[in-house]
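# Descriptive structure summary
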Amino acid sequence: MESSVISWPLIVWLLPIAGAVAIWACGPLLRRFAGPLACAVIGAAFVGTLALWPAVAAQPAGVHVTMFTWAPGITVGLLVDRLSFIWLTIITGVGFLIHVYAIGYMEGDRAEARFFAYLNFFIFAMLTLVMADNFVFLLVGWGLVGLASFWLIGFWIERPIAVEAARKAFVMNVVGDVGIMLAIFALFATFGSLSYADVFAKAAQGPGPVMTLIALGLLAGACAKSAQLPLHTWLPDAMEGPTPVSALIHAATMVTAGVYLVARCWPIYQHAPGAMETVGVIGALTALAGAVLGVVQWDIKRILAYSTMSQIGYMIMGVGVGAYSAGVLHFYTHAFFKACLFLASGVIIHNLAGEQDVRKMGGLAKRMPVAFWSMLAATCAIIGVPLFSGWVSKDAVVYQTLAHGHPVLWLLGVAAAALTAYYMSRMMWVTFAGSFRGDEHGAHAHGHVPAWVMGLPVALLGAGSVVIGWLNWPHEGFAEFLAPIFGGTDVAPAAAWGGEFLSTQIPLFIALIVGAGIAYLQYGTAGALAQAPARLEREAAAQPAFLVKLYYWNELLDALFVTPARALAALCARIIDPKLIDAVLVRDVATDAGVLGLLFRRWQSGLVRTYALTLLCGAAAIIVYIAVVR
Amino acid sequence: MGGYLQYVQTLDYQALLPAMIVGGTAVIALLADLLLPRRIANGTAILLGVMATIMAGLYASLSYGVHYLAFGGGFVLDGLSVVFQEIVLLSTLVTLMLFNRRGVSEDRPAYVALVLWSSTGAMIMAGAGSLMTLFLGLEILSLSLYCLCAIARDREVAKEAGFKYLVLSSTASGFLLYGMALLFGATGTVTISALIHPATGIHGLYALGMGIFLIGLAFKLALVPFHIWAPDVYEGAPLPVTAFMSVATKAGALAALARVIYTAIPQPDAHWLLLPTFIFAAASMLVGNLGALAQTDIKRLLAYSAVAQAGYIVAALAGATELGIRSAVYYLAAYAFMNLGAFAVAALLSSDREEGTQLVAYEGLAARQPLLAAAMTFFMLSLAGMPITAGFLGKIFILSTTIHTGYWPLGALLVIGSAVSFYVYFKVIRAMYARVERFSHPEVRPPSQLPWIAVAICAVAVIVLTFVPVMPGDATFFVK
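Let me begin by describing the structure that accompanies this report. Chains are numbered independently. Their residues run from 1 in the order of the written sequence. To read the labels, note that chains go from A and ligands from 1, taken in the order they are written. With pLDDT at 70 or above as the cut-off, local features in this predicted model cover only qualifying residues; side-chain atom pairs require 80 or more to be listed or tallied, and sums for whole chains, interfaces and linings still use all residues. Side-chain measures here rest on the full set of heavy atoms in the structure, leaving out hydrogens and waters.

### A word on the interface of chain A and chain B
Contact between two residues is taken to exist if any of their heavy atoms lie within 4.5 Å; hydrogens are not considered. On the chain B side, the residues contacting the 43 residues of chain A number 57 residues. Summed over both sides, the interface between chain A and chain B buries roughly 4600 Å², with carbon and sulfur atoms accounting for 82% of that surface. For chain A, the biggest contributors to the area lost against chain B are W70, F185 and L615 of chain A; these three give 16% of the whole. Salt bridge criterion: a side-chain nitrogen from Lys or Arg within 4 Å of a carboxyl oxygen from Asp or Glu. If you look at where chain A meets chain B, you find 0 salt bridges. Think of a polar contact as two N or O atoms within 3.5 Å of one another; within protein, one of them needs to be a possible hydrogen donor and the other a possible acceptor, and neighboring residues in sequence only count if both atoms come from side chains. Between chain A and chain B we count 1 residue pair in polar contact (both at pLDDT 80 or more) in total. Numbered from the N terminus, helices here are DSSP runs of H or I no shorter than four residues, and strands are runs of E no shorter than two. Looking at the side of chain A that touches chain B, the elements that each hand over two or more residues are β1 (63–71), α6 (135–153), α7 (160–191), α28 (553–576), α29 (578–592) and α31 (607–629) of chain A. Per element, the largest residue contribution to the side of chain A that touches chain B is 14 residues, and it comes from α31 of chain A. Accessible area, probed at 1.4 Å, shrinks when two parts are joined; the buried area is that loss added up over both.

### Description of the packing of helix α9 (residues 208–225) of chain A against helix α12 (residues 257–264) of chain A
Residue and element names in this part refer to chain A. Across the interface, α9 lies against α12 with an axial gap of 7 Å and an inter-helix angle of 155 degrees. Judged by the inter-axis angle, α9 sits roughly antiparallel to α12. For the pair formed by α9 and α12, the contact residues are L218, A222 and K225 on the first element and A257, G258, L261 and V262 on the second. Three categories are distinguished: nonpolar for Ala, Val, Leu, Ile, Met, Phe, Trp, Tyr, Cys and Pro, charged for Asp, Glu, Lys and Arg, and polar for the others, with Gly belonging to the last. A per-class count over the contact of α9 with α12 returns 5 nonpolar, 1 polar and 1 charged. Where helices are involved, their axes are fitted lines through C-alpha atoms of the stretch in contact, as for all axes, and angles between N-to-C directions lie from 0 to 180°. When describing relative orientation, an angle under 35 degrees is termed roughly parallel and one over 145 degrees roughly antiparallel, while 65 to 115 degrees is termed roughly perpendicular and anything else oblique.

### Thoughts on empty space enclosed by the protein
All names here are of chain A. Two kinds of site are reported from a 1 Å grid over the protein atoms alone, namely cavities, where a 1.4 Å probe fits but cannot get out, and pockets, open sets with protein on both sides within 12 Å along at least five of seven lines, and residues are called lining when an atom falls within 4 Å of a point. Grid points are joined across faces, edges and corners, and a volume is the space filled by probe spheres set on the points. Under the criterion given, the structure shown has 9 cavities of 30 Å³ or more. Its volume calculated, the largest cavity comes out at about 90 Å³. In terms of lining residues, the largest cavity is bounded by 14 residues, among which I383, G384, W391, K394 and L508 are the most central. Every element with two or more residues in the lining of the largest cavity is listed here: α19 (389–403), α20 (407–432) and α24 (499–524). Looking at which element gives the most residues to the lining of the largest cavity, the answer is α24, with 5 residues. Partitioned by chemical class, the residues of the lining of the largest cavity number 9 nonpolar, 3 polar and 2 charged.

### Comments concerning a nonpolar patch on the surface
Patch definition: residues above 30% relative accessible area lacking any salt bridge, with like charges linked at up to 9 Å and the nonpolar side chains Val, Leu, Ile, Met, Phe, Trp and Tyr linked at up to 5 Å. For accessible areas, the Shrake-Rupley method is used with a probe of radius 1.4 Å. Any residue's cover is judged against the shown protein chains and nothing else. A cluster of nonpolar side chains, contributed by F68 of chain A together with V460, I463, V464, F467 and V468 of chain B, occupies part of the molecular surface with about 540 Å² of accessible area. If you tally residues by element for the nonpolar patch, the top one is helix α17 (residues 450–467) of chain B, at 4 residues.

### Let's talk about the nonpolar core
To define a nonpolar core, start from buried Ala, Val, Leu, Ile, Met, Phe, Trp, Tyr and Cys residues and group those joined through side-chain atoms within 4.5 Å. The rule is simple: take the accessible area with a 1.4 Å probe, protein chains only, and divide by the maximum for that residue type; under 20% is buried, over 50% is exposed, in between is partly exposed. Formed by 408 residues in total, the largest nonpolar core has its most connected members in W87, F135 and I268 of chain A together with F213 and Y362 of chain B. For this core, the element with the highest residue contribution is helix α12 (residues 322–349) of chain B, accounting for 21 residues. If you look at the next biggest cluster of nonpolar residues, it comprises 7 residues, including L16, F75, L77 and V82 of chain B.

### What about the packing of aromatic side chains?
Residue and element names in this part refer to chain A. Aromatic rings from Phe, Tyr and Trp, taking only the six-membered ring of Trp, are treated as a pair when their centres fall within 6.5 Å; an angle between ring planes under 30 degrees marks them as stacked, one over 60 as edge-to-face, and anything in between as tilted. What the rule picks out here adds up to 40 aromatic pairs over all chains. An angle of 75 degrees between the planes, with centres 6.1 Å apart, marks the rings of W266 and F486 as edge-to-face. Pair noted here: W266 is in helix α13 (residues 266–270) and F486 is in helix α23 (residues 483–486), with a separation of 220 residues, a long-range link. Each member of the pair, W266 together with F486, is buried. Between W429 and Y520, the aromatic rings sit 5.3 Å apart at their centres with planes inclined by 55 degrees, giving tilted as the arrangement. Residue W429 is located in helix α20, and its partner Y520 is located in helix α24; the two are separated by 91 residues in the primary sequence. In this structure W429 comes out as partly exposed when scored by relative accessible area, which is 24%.

### Things to note about helix α15 (residues 300–321) of chain A
Every α-helix winds through 3.6 residues per turn, so residues three or four apart in the chain are directed the same way. The end-to-end C-alpha separation of α15 of chain A is 32 Å, in line with the 32 Å expected for 22 residues at 1.5 Å each. The N-terminus of α15 of chain A is capped by D299 of chain A, whose side-chain oxygen sits 2.9 Å from the backbone nitrogen of K301 of chain A. Expected span of a helix, by definition, is 1.5 Å for each gap between consecutive residues, and there is one gap fewer than residues.

The structure is reproduced here in C-alpha cells:
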C-alpha cells in the first residue's frame, strides 16, 4: 500500500535523528533536560509506530513509501511490513523504556547530553536498518548502527579498556560489512536491482552457486553483528559500555539484526540450501558455546553477555532451519527478558557503586526488591519456566528444529537449555540469596532523579518477560501474523516425533529441572549459602583454563588473522614496493651490516634500470603473446 | 594533400579554442612573472590560471552536443572529448588552487605555466582523432610534467622523481611511437577511426603495432606492470602536481584508449588483441590495493590506490559496450573528484617542502580539524566504494558491465580488490580519529582560502555525482 499524505513511516524514521541533532546542537543549553527530550522523541516514535498498526494489519504487503530513484535499478524507500513492524515495536517501545531508565543511570555524567544524542542516533540507525526497502539502505543502517555502537561502547573514553573494546567491535563488524557489500555486488550483478521486491521475486532464477555466495556473504554480516561464531568475541568486551547501552544495543536490538537479515532474505536462503544449513549449525553451536562460557563467568554483565550470545544462537538456529517465525518470536520475547536482566543488573551495579562481580554480592533480594522480582521473572523466562515468555519461544524454536528434520540441532538446543538453567539460576542465588559479601555498604547518594525512573522500566520489562509470549496464543499467533511474509514456508508440514509436548516440552522441562536443580544444590541450600564466600573463591580457581580463557578464541583469531595480516603487509611491502623496504627494513639493517648496505646501495643505484627492465619485460610479454596467438 | 590549409575552417579553431586558451594563458603567466614584482606575480599567475581554466571550461561546455571533425579528423569534437576536457580542466583548476600552500617560496608563475601546458596536452589527447595529434598531446603533457616533477630542485626525492619519470616515460613514448609507425605501415592511415580494415581483418603488422601502441598507453595509465614508476614519482613531485598526474594524465590517456578500443579495433575478433590490456587492468586492481596496504605515506598510498582505480576504469571498457563507456566515464568523473579531494586535504596538511605527508601526521586530525577530517573521511569512503557514495555506484555500474560482456573475472577481481581497499582507506580514517595526546605536526594555515575552496569543490562535485548518476547520452558519443 502506498502511504497517504501523512507519511507515518517517514515521521517515525526521522524523529530520532531530529532528536539526536537537536540534543547534539543544544547540549549545553539543555543540561538535565537532554534525557527527557530524548525520551519524548522516542516515545513519539513509539506512538507513530502504533499508529502504523491498522495499515500493517490490513495490508499483508505492508506500507511502502518510495522516496526517490537513485540510479537505474536502485530506488530508495521505506517499507513497514509485518516483519519490520515487529522490530519497530521493540526498537521504539523497549528503546523508550531504556531511554527513561538511562536518565537515572547516567545522571550526573560529564557528558550526559552527548550520551542521549548518541542513543537517539542509534535508534535512527536501527530504524534505517529495518525500514529499508532495498539492500543499499539496509547496509547504510547496518554501518550506522555499528558506528553508534562504536561510540557508545567507548563512551567513557577515559577508560582504555572501553576504547579498546569499541575498536574491537568496530573491526569485527567491518568484516561483516564487507561480507554484506560483496553480497550486494553479487545481487546487483545477478538481478540488476537492489530492491527487496525485485530481488526476492526473481530469487528462484538465480544460479545456485551465486545464491550460495550471496547467502554466505549476508551470513558473514549476520555473524559479525549478532556475535555468532566465529566473530563473537567483541560482544562480551562491549560490556565496557554503560549498562543502558548493553541493554538496548547489545541485547534487545542491534545484535538481533543478524536474525532480521536472515529472516528478511529468506527467499535467498530458500534457494541456497547449503548456506541455510550453515546458518542453522552456526546458530546451534553458538547457543551451546555461549552457554558453556556463561558457566565460567563471575562478572554479572559478562554472564548476561554470554547468555545473549547463546540466546541469539537459538534465534539464528530457528531461522536457519527455516522456522522463521519461531526465530522472530524468540527475538521478541528475548528483547523483553534480556533488557530486563540488563537493566536490573544496572540497578544493582548503580547501587553498589560500580561492583560487577557476583561473588561480592549476595543477599540483595531485600535491599533491592524491584530489581530482584523483575530479575526473577526475567530469569524464569530465559531458563524456560512454563508459561513465562521464554518458555513459549524457546520451545517453538527447539521443536521446529526437530520438525524441520534436524535432530542434532535439537540436541544442542536442549543441552544449551540445561546449561542456561544452571548458570542463570546460579547467578540468581549467588546475587540475591544469603548474606552480603561485598566490602562496601552501597552508600549511593541519590540525586534529584526519583527512584521510579529506573525502577519503573525494570518492572515493566519484568512484567513483559512474563506475559509477552502469550501473544503467540491461542494458536501460533506469530506464525499466522507473519504468514504473508514467509508465505507459510516456515510451518512444518506435520507434527513430528510425537508432537511438541512429548518431543520438546518434556525434554526441555527435564533440562530445566536438572540445570536449576544442580545450581540449587551447589549454591541455593542453606548450608551452601552459609559457606558461600570461601567456596566461591575456591571454585573460581578450579575452573578449567580452557573455558576461562574463552576457548583461547582471541588468541586463535590473533594467530590466524592478525599475525598473518601483518606478515602479508610486510610481504607486499617487500615484493610490490621495493622502495618501502629501503625506507623501513633495509636502512635499519644497512646501518648495522656494512656489506649488506653496500650491496643495497648498488642495487638502488640501478633502480631506474630495474624499473625499465620491468617495463621491457611487460612489453616483451605482449609481443610474444601476439606472436603466439596470431 | 596540397592546398589542405585552405579547407581549415574557423570552426576548426573553435574546436581547439579551450586548449588554446589554456596554453596561451601559460605564456601570459610567464610574462607576468617578468613584468611584475615577485610578490604580486605569484598571486597573479594563479589567478590567471584559475580564470583561464574556468573560461576554457565554459567555452568547452558550449560545444557540448556538437559533433565535428576538425583539421580533417585530427581533432575530434564530440560528447566524449568535451566530457574528458572538462574533467582535465576541473583537475587543473583544483591543482592551481592547491599551489597556494603553507610556506610558499618558489616561483609560482613557472608552476602555473607548466601545469597549464600539461593541461593543454591532456586536452588535445582527449580530442585526438589521429595518431599524430595523440602523440603531440601526449608529448606536450609529458614534457611539462618532467619539469614539474623535478621542480623542487633542492629536494633529493624530487630530482630522483623527475629523472625516473623522464627516462621511463620516454621509453614508453618510444613504444607508442613505434606502435604508431607499425599501425601506419599496416593500414596506410593515421586517423584512429580509419584504422579498422573490415575487409582484411586483423593482420600481423596491425596486431603487433596495436599491441606495442597499447603498452605506451598502459604506461601513462600506470597499469601493472607499467605502474612501477608511479609511487616514486608521485612521492617526489609536489603534492598539487601529484594530484594533477593522478587525474588529468589518466583522463587524457583513458580518452585515447577508449577511442582506440571503440573505433579503431574491429570488435568481435578484437578479444584476443585486447586481452593483455585487460589482464593488466586485473593485475592493477590486485597489486594496487595490496601495495597500498603497506604504505605509511599518504602520497604513496594514493599512488597505489590510483593504480587500482585505473584498473577498475579500464575493466569497464572490456567488450566495448555502450554501458561500458558510460560506466567508465561516470567512474572516471567520480574518481577524479574523490581523488583530487583527498589530495587537496593532503595538500592542506603538508607544506611546500612536502612535510607532513606521513600517515602519522593525520593522527588526531578529527579533534583539531573536524571539517577537514570529515571531508577526508568522505573521500576515503567514496574511494573505497561505501554505499550511497559515488564510488559505490560507479563500482556497481562497472561490475554489471563486466557481467553483461562476459568479462566477469574482471568483476570478481574488482570485488576482491574493493574488499582489500577497505582496509587501505580505513587506515587513513582510523588515523584521523585516533586519540592522541599531543600533536607533533604543524598547524593548518594556508596563505589563502583557495585550498579550502578546492576541498569544497571536490566534495560538492562528488555529492552531485552521487545524486545524478545518469550520464547524459551524448556524453559518451563517439564520432566514427
